[in-house]
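# Structure assessment
Residue-level listing of the chains:
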Amino acid sequence: MSENVVSRKKFSIREMVIIAMFSAILAVCSWISVPTSIPFTLQTFGVFATMNILGGKKGFFAILVYILLGAVGMPVFSGFSAGISALTSYSGGYIWGFILLALVYWSVENFIGKNFTVQVISLITGMILCYLCGTLWFMYVTKSTFIYGLTACVVPYLLFDALKLVLALIVSGRVKKYVRI
């Protein structure tokens, strides 16, 4: 085995606990539903905050653990849903899109850096890819058009997701001071 492969840094126990803790925070954020004319959860807030606090690599793994927990039947998704059926439902593509968001964030962090502007742009770009993934999946499952998918599943949530992004940036900026990662 190559020396380079063996010397790759693995997660410490502490880092694994933090990743698990943020996977749990994502679940709690998914369960919190804000009743409005179009109800929404704090799931994207949790994703944004996780990425900003943990960074690309650990944030990616926290989101991956969250999705895997849901896939094996833990009720971690919105409405306490779980299982492969939740991931293949008409809204499942948006959950899979969180992986794209995390990969964009991690890639941008590695290649460009971690300054605030870059973080915001990478979160917005990742969210656009998440919307695209979710909308394409919605179209496939419901046999609808792209415009209908955007109108039904994206446009009503744009303002809420923008507010959640701003809130996550504020909260994560303050929390980062107290979380040693």
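For the structure, see preceding data.
Residues numbered from 1 in each chain as written. Predicted model: local features only at pLDDT ≥ 70, side-chain atom pairs only at ≥ 80, totals over all residues. Heavy atoms only, no water.

As a further point, take unusual backbone geometry. Trans is the common state for peptide bonds, and a negative phi is the common state for residues other than glycine. Its identity as a non-glycine residue notwithstanding, F80 has a phi of 60°, on the positive side. Checked against the element boundaries, F80 lands in the loop between α4 (56-71) and α5 (84-88). In this structure, K143 takes a positive phi of about 55° despite not being glycine. (Helix = DSSP H or I, 4+ residues; strand = E, 2+ residues; numbered from the N terminus.)

Turning our attention to the packing of α4 against helix α6 (residues 92-111). Packed helices, taken two at a time, are described by the angle between their axes plus the distance between the axes. Interaxial distance between α4 and α6 falls to 8 Å at its minimum, and their mutual angle equals 170°. Taken together, the axis directions place α4 and α6 in an arrangement best described as roughly antiparallel. Note on element contacts: α6 touches α4 through I95, W96, F98, I99, A102, L103, Y105, W106 and E109, opposite G56, K57, F60, F61, I63, L64 and I67. Across the contact of α4 with α6, the residue classes break down as 13 nonpolar, 1 polar and 2 charged. (Axes fitted to C-alpha atoms, helices over the stretch in contact; angles between N-to-C directions. Parallel < 35°, antiparallel > 145°, perpendicular 65-115°, else oblique. Contact = heavy atoms within 4.5 Å. Nonpolar A, V, L, I, M, F, W, Y, C, P; charged D, E, K, R; others polar.)

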